[in-house]
Amino acid sequence: MNDSHISIEQQRYATLLSWGSRSGLALLIASFLAYVLGWMPAHVPLEQLPNLWNLPVGEYLEQTNTPTGWAWLTMTDRGDFASLVGIAWLSGCSLVCLLAVIPIYARRKDRIFVMLCMLALAVQLLAASGMLRTGGH
Amino acid sequence: MFGGAISAIRETGSLVRANSLLVLLAMTIFAGTAYAVEAAPATSAMPWWGWPLALFITCFFLGIVAVPSGVGGGVLFVPIVGGFFPFHLDFVRGAGLLVALASALAAGPSLLRVGLADLRLALPLALLASASSIAGAMIGLALPASLVQVALGITILGIVVLMATAKKSEFPDVAKPDKLSAALSMHGIFHDASQGKEISWRVHRTPLGLLLFVGIGFLAGLFGMGAGWANVPVLNLLMGAPLKVSAGTSSFILTLVDSSAAWIYLNKGAVLAMIAVPSVIGMMLGAFIGARLLHILRASVVRKLVISLLLFAGLRALLKGLGIWM
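Residues numbered from 1 in each chain as written. Chains lettered and ligands numbered in written order. Predicted model: local features only at pLDDT ≥ 70, side-chain atom pairs only at ≥ 80, totals over all residues.

### A word on the overall build of chain B
Here's step 1: Within chain B one finds 12 helices and 2 strands.
Here's step 2: Helices and strands appear in chain B in the N-to-C order α-α-α-α-α-α-α-β-β-α-α-α-α-α.
Here's step 3: Here chain B holds 326 residues, and the buried ones make up 57% of them.
Here's step 4: A separation of at least 24 residues holds for 85% of the contacts in chain B among residues at least 6 apart in sequence. (Helix = DSSP H or I, 4+ residues; strand = E, 2+ residues; numbered from the N terminus. Buried ≥ 20, exposed ≤ 12 C-beta atoms within 10 Å, placed from the backbone. Contact = placed C-beta atoms within 7 Å.)

### Notes on the nonpolar core
Here's step 1: Membership of the largest hydrophobic core comes to 146 residues, with the highest contact counts inside it found for Leu76(B), Leu98(B), Leu101(B), Ala126(B) and Ala276(B).
Here's step 2: Here the element with the most residues in this core is helix H4 (residues 89-113) of chain B; it accounts for 16 residues.
Here's step 3: Aside from chain neighbours lying at most four places away, what touches Leu98(B) is Ile87(A), Ala262(B), Val271(B), Ala276(B) and Val280(B). (Core = buried A, V, L, I, M, F, W, Y, C linked by C-beta atoms within 7 Å.)

### Overview of the environment of Gln149(B)
All names here are of chain B.
Here's step 1: Relative to the helices and strands, Gln149 is located in helix H6 (residues 145-165).
Here's step 2: For the pair Gln149 and Leu318, spaced 169 residues apart in sequence, the C-alpha separation works out to 6.1 Å.
Here's step 3: With residues near it in sequence (within four places) discarded, Gln149 still touches Leu89, Ala317, Lys320 and Gly321.

### Re the interface of chain B and chain A
Here's step 1: On the chain A side, the residues contacting the 59 residues of chain B number 55 residues.
Here's step 2: Within the residue set of the side of chain B that touches chain A, elements represented by two or more residues are H4, helix H5 (119-142), strand S1 (187-192), helix H10 (243-267) and helix H11 (273-292) of chain B.
Here's step 3: Along the lines of polarity and charge, the residues of the side of chain B that touches chain A split into 44 nonpolar, 12 polar and 3 charged. (Nonpolar A, V, L, I, M, F, W, Y, C, P; charged D, E, K, R; others polar.)

### Details of the pairing of strand S2 (residues 197-202) of chain B
Here's step 1: Pairing geometry for S1(B) and S2(B), over 6 bridges, is antiparallel. By the bridge assignment, Asp192(B) is partnered in S2(B) with Lys197(B). (Pairing = 2+ DSSP bridges.)

### Digging into the environment of Ala100(A)
Residue and element names in this part refer to chain A.
Here's step 1: Note on placement: Ala100 falls in helix H3 (residues 79-107).
Here's step 2: Distance in space between the C-alpha atoms of Ala100 and Tyr13 is 7.3 Å, their sequence separation being 87 residues.
Here's step 3: When neighbours within four sequence positions are excluded, Ala100 is seen to be in contact with Arg12 and Leu16.

### Regarding helix H12 (residues 299-321) of chain B
All names here are of chain B.
Here's step 1: Taking 1.5 Å as the rise per residue, H12 with 23 residues should run 33 Å; its terminal C-alpha atoms sit 32 Å apart, in good agreement.
Here's step 2: Listing the buried residues of H12 in full gives Val302, Leu305, Val306, Leu309, Leu310, Ala313, Gly314, Arg316, Ala317, Leu318, Lys320 and Gly321.
Here's step 3: Following H12 by one or two positions, Gly323 has its phi on the positive side, about 80°. (Expected span 1.5 Å × (residues − 1).)

### Observations regarding the packing of H5(B) against helix H8 (residues 206-223) of chain B
Residue and element names in this part refer to chain B.
Here's step 1: The N-to-C vectors of H5 and H8 enclose an angle of 35°; their axes lie 6 Å apart at closest approach. Taken as a pair, H5 and H8 cross one another with a handedness that is right-handed.
Here's step 2: Of the residues that constitute the contact of H5 with H8, the class distribution is 17 nonpolar, 8 polar and no charged. (Axes fitted to C-alpha atoms, helices over the stretch in contact; angles between N-to-C directions. Left-handed = near helix turned anticlockwise from the far one by under 90°.)

### A look at H10(B)
Residue and element names in this part refer to chain B.
Here's step 1: With 25 residues, H10 ought to run about 36 Å at 1.5 Å a step, and its terminal C-alpha atoms sit 36 Å apart, in line with that.
Here's step 2: Along its length, H10 reaches its greatest deviation from straightness, about 30°, at Leu254.
Here's step 3: Gly269 lies just past H10 and shows a positive phi near 85°. (Bend = angle between axes of the 7 residues up to and from the residue.)

### Focus: the confidence of the model for chain A
Here's step 1: Summing up the model confidence of chain A, the mean pLDDT is 93 and the portion of residues at 70 or higher is 94%.
Here's step 2: Within chain A, no element has a lower average pLDDT than helix H1 (residues 8-36) of chain A, which sits at 95, and none a higher one than helix H4 (residues 111-129) of chain A, at 97. (pLDDT = per-residue confidence, 0-100.)

### A closer look at unusual backbone geometry
Here's step 1: The backbone phi angle of Lys109(A) is positive, close to 60°, even though this residue is not glycine.
Here's step 2: Inspection of the secondary structure puts Lys109(A) in the loop between H3 and H4.
Here's step 3: For Lys109(A), a count of 7 C-beta atoms within 10 Å translates into the label exposed.
Here's step 4: Even without a glycine there, the phi angle at Ser185(B) is positive, about 50°.

This is the structure:
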């Protein structure tokens, strides 16, 4: 396969995305196994889940005293929150890729794509920040 | 001659086995979902691990059919799991986004490396779709579940019509790129292995494409589905990108769109590991098998099976949302 027409920034993006997604999946599987096999305590006991997962998210959070936003990070010693680390990793691995291609576009004086990458980064960071609030139902 | 006859018999045998597998798969999903509906009120009778295990098995089979049918797992996941499992739609949508995200992340790097996904084509579209997916996710989490179910049912039935009727163009003719795509250098070359040659491509109607991606991102966030079913027709039929580049770039775009919507669900507490993780692993294992069965499964048979499944799931979502079939 001749990949001479694949740009350097695209190759760099692919390499970082590959590392990010593989490590994220490994983390996800490992933490989930620790959770379901009982190696880590659970915030919500596993036996209670069938009575709770049919509730709207607002009621579920209320009944289980589960925090929103990034507060779960302080509770990663519990299996159900430890599993969220892998999920957050997978959701966030594009950030590194976007950040890594900006210098390549900047060296080439491709201002439009520097701006597009920075805007894409800003959108991802805004979504991840937890600052956007929604009304519950 | 004798050898040819034997290989023909072997090939027929493989086809029969593969298509029997499909029929068995369809029966399993229908029987499983029917059982799920009947069993739903008696959730306490089943051990806690029963539903996650059923979810894993269902997602494994959905993953097998998702690859040959050319649809993302997310679009199958949300209506089927939302309609027939006891989980609330909020958690199903959160898991659906992660299923679509994980599948896109698994495919993205290799698609970028071989030029079937293009960064310059994807970034402007993904930027707008990511922003609108955040709005979709926020509105979806604020609306009553029954309203989202009805909208989901209508959307899924629309997707069925789109899948059954939409045409595809392997290499659309783009006489002249528009000013915006020229300014953004949205063009490229990819190696088409089936023809053994390099094919250069460019796009047109970029402003309309960008506008449609705003709507696509919104729907992805609202329903927690991947949006390949909409990305590919817009990239291929409207903007004129070759079919393979459209499919590859669509998958890559989902890595950005679904991740921004997933953050909203995660921050709002609508991601339950017990639902999301078995779904992601089941779907990825199924897709792995599906990719290897690609050469023996009849794509047309799989596509009809998937359209039937979506029709059933879309009707179920609509009737459940309207309170007719609870």
